[in-house]
Amino acid sequence: MPQLLHIDSSADLTTSVSRALTGLFAETWRGLGDGYSVVRRDLHRDPLPHLPDAGLHYAERLRVDGETPDAEAEKLQAELIAEVAAADVVVIGAPMYNWSLPSTLKAWIDYIHVLGTTVPFDTSDRPFAGTPVVVVSSRGNTYAPGTPGEGTDHTVPPLQQVLGVSLGMSVEVVTAELTLADRLAPLAPLAGQAQGSRVAAEESVRALAVALGSRS
Ligand SMILES: Cc1cc2nc3c(=O)[nH]c(=O)nc-3n(C[C@H](O)[C@H](O)[C@H](O)COP(=O)(O)O)c2cc1C
């Protein structure tokens, strides 16, 4: 039974581009067959508390005196980790907020990136290694090579670092740029480019859902 974990973090519940794209991914996934199921985690509608105790960054055996996270927080962390472990594929909506991640998504990262549990430390355990994760990043401006924004995207690189380099997941990135072209007058001349970016992103998420789903 191939299972998709579908995560969103946009605070826009009406016109969000990342929500539309992750939704298209999930719809394409379900369309692959009766057994293709989707588990949903909406980090905006149902936000996680900020990490309440630094001890949660370490497996219990690696904690030092005084690091005694409360049982509820440990239970939530275990649930979030189990959700990723059970997924064949993960899709994450990651809009750019102030050149960075929405704080709701950062909170999720802080729970699931755990030394000695999901990241090898004193053992070689790496339970998420190889799991495909599709990061869908929407942004109002453009950060393409040669533009003033080049090099200032701090949304996608930290996700590639944590999910790919550290957790060993297989990261694919889809971006939709210039989403504010229809809202901010200075970007209006780039409306055609925005439309092209959106169409290309839709094609990419459909193709990735089919390709990754067929392998699951
Ligand atoms: C709090 C906030 C901060 C934002 N910061 C940026 C930014 O730094 N750079 C940018 O290009 N767009 C920025 N935007 C615009 C969003 O990236 C853009 O609207 C994007 O489409 C949001 O994703 P969504 O459509 O899935 O909600 C910001 C929007 C919000 C709400």
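See the structure printed just above.
This report concerns the structure included in the present document. Sequence order sets the numbering: in each chain, residues are counted from 1 along the sequence as written. Side-chain atom pairs in this predicted model are given and counted only at pLDDT of 80 or more, local residue features only at pLDDT of at least 70, and totals for whole chains, interfaces and linings cover all residues. Only heavy atoms go into the side-chain values, all of them from the structure, while hydrogens and water stay out.

Some points on the packing of helix α1 (residues 17-30) against helix α5 (residues 191-215)
To obtain an axis, a line is fitted to C-alpha atoms, over the contacting stretch when the element is a helix, and the angle between two such axes runs from 0 to 180 degrees between their N-to-C directions. Numbering goes from the N terminus for both helices and strands, where a helix is a DSSP run of H or I of at least four residues and a strand is a run of E of at least two. Taken N-terminus to C-terminus, the directions of α1 and α5 make an angle of 30°; their axes are 8 Å apart at the nearest point. For α1 against α5, the interelement crossing comes out right-handed. Contacts from Val 17, Ala 20, Leu 21, Leu 24, Phe 25, Thr 28 and Trp 29 of α1 reach α5 at Arg 198, Ala 201, Glu 202, Val 205, Arg 206, Leu 208, Ala 209, Val 210, Leu 212 and Gly 213. Residue polarity is assigned by list, with Asp, Glu, Lys and Arg as charged and Ala, Val, Leu, Ile, Met, Phe, Trp, Tyr, Cys and Pro as nonpolar; anything else, Gly included, falls into the polar class. Looking at the contact of α1 with α5, its residues break down into twelve nonpolar, two polar and three charged. Crossings are classed by handedness, with left-handed meaning an anticlockwise turn of the near helix from the far one by less than a right angle and right-handed meaning a clockwise turn. For this analysis, residues touch if any pair of their heavy atoms sits within 4.5 Å.

Focus: the site of the ligand
Here a residue is considered near a molecule or strand provided that any single heavy atom belonging to it is located within 4 Å of it. Around the ligand there are 17 residues in total, and Ser 10, Ser 16, Ser 18, Tyr 143 and Thr 179 lie nearest to it. In this structure, Ser 10 approaches the ligand through a side-chain N or O atom, which is 2.6 Å from an oxygen atom. N or O atoms closer than or at 3.5 Å make up a polar contact, with two conditions inside protein: a donor-capable atom paired with an acceptor-capable one, and, for residues adjacent in sequence, both atoms drawn from side chains. A distance of 2.7 Å separates an oxygen atom of the ligand from a polar side-chain atom of Ser 16. Look at the ligand: alone it shows 620 Å² of surface, and the protein chains cover 76% of it. For the shell around the ligand, a count of residues per class yields seven nonpolar, eight polar and two charged. Here the open area of atoms and residues is found with the Shrake-Rupley method and a 1.4 Å probe, where only the protein chains shown may cover a residue.

What to know about the pattern of salt bridges
For this analysis, a salt bridge means a side-chain nitrogen from Lys or Arg found within 4 Å of a carboxyl oxygen belonging to Asp or Glu. One pass over the full model with this rule turns up 13 salt bridges. Among the salt bridges present, the one from Glu 177 reaches Arg 139, with a minimum N-O distance of 3.1 Å. With Glu 177 in the loop between β5 (170-176) and α5 and Arg 139 in the loop between β4 (132-138) and α4 (156-166), the pair connects residues that are 38 residues apart, well separated along the chain. Judged on exposure class, the residue Glu 177 and its partner Arg 139 are both buried. Each of Asp 8, Arg 19, Arg 40, Asp 42 and Arg 45 takes part in one network of salt bridges that share partners. Throughout this description, buried means an accessible area under 20% of the type-specific maximum (1.4 Å probe, protein chains only), exposed means over 50%, and partly exposed covers the range between.

Examining the packing of aromatic side chains
In this scheme Phe, Tyr and Trp rings, the latter by its six-membered ring, pair at centre separations within 6.5 Å, and the angle between planes marks the pair as stacked below 30 degrees, edge-to-face above 60, and tilted otherwise. Under the counting rule described, the total for this entry stands at one aromatic pair. With centroids separated by 5.3 Å and ring planes inclined at 80°, the aromatic side chains of Trp 29 and Tyr 36 adopt a geometry described as edge-to-face. Residues Trp 29 and Tyr 36 agree in their burial class; the two are buried.

A few points about the nonpolar core
Grouping buried Ala, Val, Leu, Ile, Met, Phe, Trp, Tyr and Cys residues that are joined through side-chain atoms within 4.5 Å yields what is termed a nonpolar core. Counting residues in hydrophobic clusters, the biggest one holds 31 residues, and the most contacted among them are Val 90, Trp 108 and Leu 163. Among all residues touching Trp 108, those that are not within four sequence positions of it are Ile 7, Arg 41, Leu 43, Leu 48, Leu 80, Val 84, Ile 92 and Leu 163. Val 17, Val 134, Ala 201 and Ala 209 belong to the second largest nonpolar core, which has 19 residues in total.

Regarding the side chain of Glu 177
With a relative accessible area of 12%, Glu 177 lands in the buried category. A polar contact of 2.9 Å, which involves the side chain of Glu 177, links it to the backbone nitrogen of Tyr 143. Filtering out sequence-adjacent residues up to four positions away, Glu 177 remains in contact with Arg 139, Asn 141, Thr 142, Tyr 143, Ala 144, Ala 194 and Ser 197.

Here we look at the sheet that holds strand β2 (residues 37-42)
What the five strands build is an open sheet, ordered β2-β1-β3-β4-β5; its pairing is parallel. Unpaired on one side and paired on the other, β2 and β5 mark the two borders of the sheet. Between one strand and the next, the sheet's axes are offset by a mean angle of 15°, whatever the strand orientation. Bridging between strand β1 (residues 3-8) and strand β3 (residues 89-93) involves four bridges; their strand directions are parallel. From the neighbouring strand, Leu 5 faces β3, where its bridge partner is Val 90. Its contacts with the sheet put α5 on β3, β4 and β5, and the angle it makes with β5 is roughly 155°. DSSP-based pairing: two strands are paired if at least 2 bridges between them are found.

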